[in-house]
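# Overview (structure and organization)
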Amino acid sequence: MKPVYERFIENPDFTKPDFIELIKCAEDPEAVRRLKEEAVRIREIYYGKKVFTRGLIEYTNYCKNDCYYCGIRKSNTNAKRYRLTEDEIMACCENGYELGFRTFVLQGGEDAYYTDDRMVAIIKKIKEAYPECALTLSIGEKSYESYKRFREAGADRYLLRHETANEEHYRKLHPEKMSVRKNCLYDLKKLGYQVGAGMMVGSPYQTTEDLAEDLVFLKELQPEMVGIGPFIPHHDTQFAKEPAGSVEMTLFLLAVIRILLPKVLLPATTALGTMDPLGREKGLQAGANVVMPNLSPVKNRKQYELYDNKICTGEEAAECRGCMGRRVASVGYELVTERGDAV
Ligand code: SAH
């Protein structure tokens, strides 16, 4: 019988036991080589050499949630809190627009100051100023009604990583239940957002079975985007002493996800670049086709500290844009300015 990775390449319609077997190949160099080769082949069918870019605006680090891994969790009293004003957010967009960004991502903690009314106002303002740009929200768990209002105000996309598809594992990482987050993702889909799910790789207590469930969940949800990156400990959390997730496993899973969801928009994440100076380039060579440079004001960058040693906290957006362009080109791809919607 053919090796499991060849069967996956032929027909990625796998079940949980198949995925478990597949994930066990992550340490087999030939399997990794074949999967990456196939992932790159597929991404080039749909996207050629293009890499899309999203301007990330980390607009608040206040958060009412208490995710055990996250540096901006509410119980971290050492976190220096900030929130951008509407004018500051608009200035980030303006700066980004001039640099060629046509997608803005508003990401933040779950900050009660930003009520639905305030969010709707800011969404409208951005979409009025930049009608040809896509606006992505990454602001956590909200009600169907809230998501609906944001969508009607003009938000196009929503990133909400499911973090782990296994309920028991989820409860080891969060005080709340997982079902909420999964339901949110289905709500967002129903409302016509382009939706992004995803998980941390190597988070504490994660097993191969959990990762297999993540893949089954992604197959079922069929999101337009998938964000994955290695877990990285933060010194002020209870996981401070836990080992970080592996770059190799992240790259392996990027390739698997590209094959599983051929047209998916798949970022090479900052966390991957934090764990390995060439992590993002390696991500692109494993099937990723999106990068998300930071547009946040430099004075606040270090405060949006989800994990330790986060990169790109000292440079102006223009420098990040230039650096990213060179990094993408170094592996034979081209950073483009188009919106980069799901195909
Ligand atoms: N409040 C928003 C944004 C969360 S931050 C929301 O709930 O969706 C964005 C992502 O950063 C999270 O979904 C999580 O997967 C990732 N993240 C948080 N802490 C991390 C850590 N210690 N290591 C790696 N990734 C982390």
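Check the entry above for the structure.
Only a predicted model underlies this, so the values are computations on that prediction, with no experimental measurement involved. (Residues numbered from 1 in each chain as written. Predicted model: local features only at pLDDT ≥ 70, side-chain atom pairs only at ≥ 80, totals over all residues. Heavy atoms only, no water.)

### Observations concerning the overall build of the protein
- Counting its regular elements, the protein contains 14 helices and 11 strands.
- In terms of C-alpha radius of gyration, the protein reaches 19 Å, essentially the compact-globule figure of 20 Å for 343 residues.
- Dimensions of the protein, computed from C-alpha atoms along their principal axes, come out at roughly 60 × 40 × 35 Å.
- The contacts in the protein between residues at least 6 apart in sequence include a share of 74% that link residues at least 24 apart.
- In the form shown here, the protein has an accessible surface area of approximately 13,700 Å², with 51% of it arising from carbon and sulfur atoms.
- Between the mean site of the 50 positive side-chain charges and the mean site of the 52 negative ones, the protein shows a separation of 2 Å. (Helix = DSSP H or I, 4+ residues; strand = E, 2+ residues; numbered from the N terminus. Rg over C-alpha atoms; globule rule 2.2 N^0.38 Å. Contact = heavy atoms within 4.5 Å. Areas by Shrake-Rupley, 256 points an atom, 1.4 Å probe, with all protein chains shown as cover. Lys, Arg positive; Asp, Glu negative; His and termini not counted. Charge placed at Lys NZ, Arg CZ, Asp CG, Glu CD.)

### Observations regarding the layout of surface pockets
- Within this model, the second largest pocket holds a volume of roughly 200 Å³.
- For the second largest pocket, the lining is made up of 16 residues, of which V201, G202, S203, Q206 and L211 are closest to its centre.
- Grouping the amino acids of the lining of the second largest pocket by side-chain chemistry returns 8 nonpolar, 7 polar and 1 charged. (1 Å grid on protein atoms, 1.4 Å probe; cavity = no way out; pocket = protein on both sides within 12 Å on 5 of 7 lines; lining within 4 Å. Points joined across faces, edges and corners; volume = space filled by probe spheres on them. Nonpolar A, V, L, I, M, F, W, Y, C, P; charged D, E, K, R; others polar.)

### Describing the environment of G71
- Within the secondary structure, G71 sits in the loop between β2 (55–60) and α4 (86–98).
- By relative accessible area, which is 2% here, G71 ends up buried. (Buried < 20%, exposed > 50% of the residue type's maximum accessible area, 1.4 Å probe, protein only.)

### Description of the environment of R41
- Structurally, the position occupied by R41 is in helix α3 (residues 29–47).
- Measuring from C-alpha to C-alpha, the distance between R41 and C70 comes to 35 Å, with 29 residues separating the pair along the chain.

### Points about the packing of aromatic side chains
- Per the stated rule, a full pass over the model turns up 14 aromatic pairs.
- An angle of 65° between the planes, with centres 6.2 Å apart, marks the rings of F8 and F19 as edge-to-face. You can see F8 sitting in helix α1 (residues 4–10) and its partner F19 sitting in helix α2 (residues 16–23), a full 11 residues away along the chain. Each of the two residues, F8 as well as F19, counts as buried.
- Between the aromatic rings of Y47 and F52, the centroid separation amounts to 5.7 Å while the plane-to-plane angle is 90°, which identifies the pairing as edge-to-face. Both residues of the pair, Y47 and F52, count as buried. (Phe/Tyr/Trp six-rings, centres within 6.5 Å; stacked < 30°, edge-to-face > 60°.)

### Overview of a nonpolar patch on the surface
- Together, I45, Y46 and V343 make up a nonpolar patch on the protein surface, roughly 300 Å² of accessible area in all.
- One can find V343 in the segment after β11 (334–335). (Patch = residues over 30% accessible without salt bridge, like charges linked within 9 Å, V, L, I, M, F, W, Y side chains within 5 Å. Salt bridge = Lys/Arg side-chain N within 4 Å of Asp/Glu carboxyl O.)

### Regarding the sheet that holds β2
- Strand order in the open sheet formed by 6 strands is β2-β3-β4-β5-β6-β8, and the pairing between neighbours is parallel. Taken across any chain shown, the strands that pair with only one partner, and hence form the sheet edges, are β2 and β8 (225–226).
- Sheet analysis places strand β6 (residues 194–197) next to β8, joined by 2 bridges and oriented parallel. What sits directly across from A197, in β8, is V226. (Pairing = 2+ DSSP bridges.)

### Some words on the sheet that holds strand β1 (residues 50–53)
- A sheet is described by the order of its strands in space; here 3 strands give the open sequence β10-β1-β11, paired in parallel fashion. Edge strands, defined here as strands with exactly one partner in the open sheet, are β10 (290–291) and β11.
- Bridge count between β1 and β11: 2 bridges; the pairing is parallel. Each residue of the ladder has a partner; that of V51, found in β11, is L335.

### Some details on the site of the ligand
- The environment of the ligand is formed by 18 residues, the closest being G108, R161, E163, R181 and I232.
- Within the side chain of E163, an N or O atom sits 2.5 Å from an oxygen atom of the ligand.
- Here a nitrogen atom of the ligand and a backbone polar atom of I232 are 2.7 Å apart.
- About the coverage of the ligand: the protein hides 91% of its 550 Å² of free accessible area. (Near = heavy atom within 4 Å. Polar contact = N/O pair within 3.5 Å; in protein donor to acceptor, adjacent residues only side chain to side chain.)

### Quick notes on the nonpolar core
- Within the largest apolar cluster, 90 residues are counted, with the highest numbers of intra-cluster contacts made by L22, L35, F104, I126, F150, F252 and I257.
- Residue contributions to this core peak at 11 residues, all from helix α10 (residues 247–260).
- Beyond its immediate stretch of four places on either side in the chain, L35 contacts Y5, F8, I9, L22, F252, A255, V256 and I259.
- Core analysis: the next-biggest nonpolar cluster, separate from the first, contains 11 residues, V40, V51, Y333 and L335 among them. (Core = buried A, V, L, I, M, F, W, Y, C linked by side-chain atoms within 4.5 Å.)

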